[in-house]
Every structure is written in C-alpha cells, then in structure tokens.
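Observations on chain architecture
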Amino acid sequence: MSRHLESLLRFEPQPAALRALEPKARGVKPFFHTVPELPPEFNWHDYSVLLLHIAAEVEHALMAQYLYAAYSLGGPLVPSKHRDRVRHWQEVILGIAKEEMGHLITVQNVLRLIGAPLNLDREDYPWGSQFYPFDFTLEPLTKNSLARYVYAEMPAGWEGAEAEEVKKRAQQGNPSPQQPLHRVGVLYDRMQQVLANPEWVKDADFQAATTTFQASWDEWGRGYMRGARGQSTGGPRQATPDVIVQPVSNRDEAVAALAAVGIQGEALFFDEDADEKSHFRRFLDIYREFPDGEWTPTRPVPINPKTEMDLNASRVVRLSAAKAKAAPPVTVSTVISHPESVTWAHLFNVRYRMLLMYLTHAYQLAGATGQGDSLTPRGLLINRTFGEMYNVRAISNILVESPLDESGSGAVAAPPFEMPYTLDLPDTEPDRWRLHRDLLETALELNHSLQQRFPGRHADYLRALEDLDGAALQSALRMIPKP
C-alpha cells in the first residue's frame, strides 16, 4: 500500500483536448486541470477501488481526530465569560465529525456498488502521500491544529492574506514539517473523474442489486434534518447541513454522491455569507475566533494517548523513503497509566471496535429495515451501532475528567481511539455473531473490573451498560447454532 501511495499516484497536466472530451455526469462540478495516469499493476476499476479505500481511511481518520479535538474543549481552565463560546465550538466540531461518519458510510456504499471490498480501517500514523491531508495526530484543539483542519477542507483557489497565514501555520504545526499538506478535495475530484468515465470503469461494474445491502438515510438518518440531530453539549440548536448517507445504484448516482461529500467538506467556492456552511467554513469561523495564547479553551489532554507501553509507545518514528537523508519525523505518544483511567481506556477501545464491527456486519445483510426496526438482524446491528456511538461519547467524557497518571500533575486522560488487530469479519454468519459474543464478554469483564476495583465511581452508567450488554450477549448467543 505504501509503495502504491508513494510512487504510483501521479498527476499529469491535462491537455485542453482531453478536457473537452471529459465525461460530464449529472450534478457534478467541473473537473480540475489534471488527468489521471493509470499506475502499473492496475486497471481502471482496481484503481478506483484503491482511491475509494484511501478516501475511507481519510474520512475515518478525520472523524477520530475531530472527535478528539471536540472532547478536549472545556474544563476548569476556560474563563467563565468564554464557556458558552467554547461549548458552541465543541458542538460545531462534533457536528462535523458526525458528517464525516456519513461520508465514511457513503464511500462504503460506492464500494459495494462497484463490487469492491469494504474498508473501515484507519491508520494510526498514515504514511505520507499526495492524498492524505496531514499526519494523523490525536491532540487538543489549538490554533495550529485548526489551521490543518482548515487547510485539509479548503476549496481550490482560496487565496489572500488569510489563506497564506493558514497555510503557513498548518505546515509549521504539522508533526512532520517536511511532509507537504494536501487538500481532501483533490482525492474526491480524482475519484469522480475516474468513475464518471465509461471507458475506464465499465457500466457492467455498477451493480444496482447491491442497494439492498447499502446504508440508507431511512436507516441511518434517524430523522435528523437541518441541524435537528442530537446535540450532546446542550447548547442552542444550530442550523447545520444534513448528514449525507446516500445509497447509489448507478454511475451517475455514485459520482453525484462523491461530489456531494466533497462539497460538504470543501464547498465549491469561498462564500462569506453561505447559510449552509461547509466543513471548511465552519472550521475557518472557529479559527478566526480561537485565542492565540490569551486564554486556554481546552483540558490538559495528552497527544496520542495509548493504553500500553511498547517498544515505540513513547516515540513513534516514521521515515519517508523520499526523504531518507532528512531527519526522521517524530510523533510522541503518551501512555495512560492511572489504574482506573487505563481500564476505562481499554473499555473505550473495545466499544470503538464494537461500533466498527456492528457497522461492517450490517453491510453483509440485505433488506432495508426502516428507522428503528430492531426485529431483524440488520436492524439490530444498526441500532447497536448507534448505541456504541453514544458509549464512545459517554466514555470519552469520563476519560477527559480522569487523571492521566498518579503523579498529581493535573494532566487528564482522553479517548485513545486505538485500532484493533483486525477489522475482518468471519466468513460465516454464526461466526460473526461469535465475534460479537467475544467483544461483549470482554466489555462485561472490563465493566465488572471497574465496579469491583473502584466502587461507586460512575456506578449508574456502569450498571446500565452492564444490563444492555447482558441483553445483547443473550441475543448474540441465540444467533449461534447449538452444538
């Protein structure tokens, strides 16, 4: 994968004659002045799968980083006169993270449509390539990290003094300063360009029958329209765009879905007065208001928290082959070592994995169930995916109020978002439910450990979680044939 990303994804100048012949799918913005060069070892369909897999990993990585940044906001260091503003920032970023989840799901729909394997993976520390926007880093929200988010989501052609300031700050704040930053929009433009061309990806590769396996708004939207989706901080409801969960049945719909995702991130152009703001504009608004050292809007959360110490836990070194003679970039990780906090962090990792496995499993079962239908296995899996979203949020809020270690320094823990050893599902349906059984038993064991070792701490939540997991375990066991 690294080999392909580092050496094979190239841009070539596009002649005017080729631009004139470029296919125009309905509802898609004009492509930019590049034409893909098909890499060696690929045909066009396989290349489109590679691009969609990169897009899935980018969306997943952005979602995790945005959630971490949002959970870092608040706490006792925020002056009272600024607390409402900080809560508003948190709500905005949580809303963007939810939209990134919709982007991730929509990319899976396109993968399913063209007969490709799904990809819900995410690298902890992605390699450098022209499609990854910046180094993956879980960190508290800062002016520098905001600049990277603005840069990643910005539309092509944004210029001026403010744009130059953002670009400079984003590059300086990147953990690997010598690695160039990239716009996510470049990837979405490339995917639209490849999929829209019937000479490259054939009509027969678009399989309308897969729509029964895809995610739909009826199942995943939960009725949230125009900012009505859940707002966890309790602030005033905001007028935010809809989460995009778009099933696709043909070429035009696939290209239009990717265009909609790209526009929600970057917007077609810079509009100071846009009512329905892109991710770029919402991050830029926060960037403009964010203090540059005057006061602290965040909790003292660590950078890249980890649950275990290993050979590379304190210093993860990555050296780009293209820059082998330069000093290697260093990403620092911080181990959560407080006994109670690290147990919560392990429970967080299990719930995070459960979320991803429920979502993956739902894609293996056909039939639209409609909102809230938990009477079928697919509906049950979708409901549990939402349940784990709530648990991820609840445990994150517990962690950012828990000590990082036993030193008494005041530093707090944070959600580690560590990826599991695999996201592969077993081949058979009974074995998939055995995987859910395994994860539920692990979660219950960690829950019991917290209740026994730290009695009275978050007791109501732990008891409620125990009851829910016990019921889920019994339903999973019913899906496994008796010997």
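Scroll up for the structure.
A brief report on the enclosed structure follows.

A separate point is the overall build of the protein chain. Each helix and strand counted, the protein chain has 14 helices and six strands in total. Long-range contacts, defined as pairs at least 24 residues apart, comprise 77% of the intrachain contacts of the protein chain with a sequence gap of at least 6. Summing over all exposed atoms, the protein chain offers an accessible surface of approximately 20400 Å²; the carbon and sulfur share of this is 54%.

Turning to the side chain of T298, a few remarks are in order. Here T298 shows up in the loop between α10 (279–289) and β3 (305–306). Beyond its immediate chain neighbours, meaning those up to four positions away, T298 contacts S72, L73, G74, L77, V78, P140 and L141.

Let us now look at empty space enclosed by the protein. Evaluated as defined, the whole model comprises five cavities of 30 Å³ or more. Taken as a whole, the largest cavity holds about 80 Å³ of empty space. Put simply, the parts of the chain that give the lining of the largest cavity at least two residues each are α3 (44–72), α4 (83–113), α5 (143–153), α7 (184–196) and α9 (251–266). A per-element tally of the lining of the largest cavity places α9 first, with four residues. Among the residues making up the lining of the largest cavity, the classes are represented as five nonpolar, five polar and four charged.

Summed over the entire model, instances satisfying the criterion amount to 18 salt bridges. For the salt bridge of E162 with R288, the shortest nitrogen-to-oxygen distance reads 2.8 Å. Here E162, found in helix α6 (residues 161–173), pairs with R288, found in helix α10; they are 126 residues apart in sequence, far enough to count as distant. Judged by relative accessible area, E162 falls into the partly exposed class, the value being 26%. With relative accessibility at 34%, the residue R288 sits in the partly exposed group. One salt bridge in this structure joins R351 and E388, with 2.8 Å as the shortest N-O distance. One end of the pair, R351, is in helix α11 (residues 339–362); the other, E388, is in helix α12 (residues 377–399), and 37 residues separate them in sequence. By relative accessible area, R351 is classed as buried at 0%.

Reading the values: rules and limits
Residues numbered from 1 in each chain as written. Predicted model: local features only at pLDDT ≥ 70, side-chain atom pairs only at ≥ 80, totals over all residues. Heavy atoms only, no water. Helix = DSSP H or I, 4+ residues; strand = E, 2+ residues; numbered from the N terminus. Contact = heavy atoms within 4.5 Å. Areas by Shrake-Rupley, 256 points an atom, 1.4 Å probe, with all protein chains shown as cover. 1 Å grid on protein atoms, 1.4 Å probe; cavity = no way out; pocket = protein on both sides within 12 Å on 5 of 7 lines; lining within 4 Å. Points joined across faces, edges and corners; volume = space filled by probe spheres on them. Nonpolar A, V, L, I, M, F, W, Y, C, P; charged D, E, K, R; others polar. Salt bridge = Lys/Arg side-chain N within 4 Å of Asp/Glu carboxyl O. Buried < 20%, exposed > 50% of the residue type's maximum accessible area, 1.4 Å probe, protein only.

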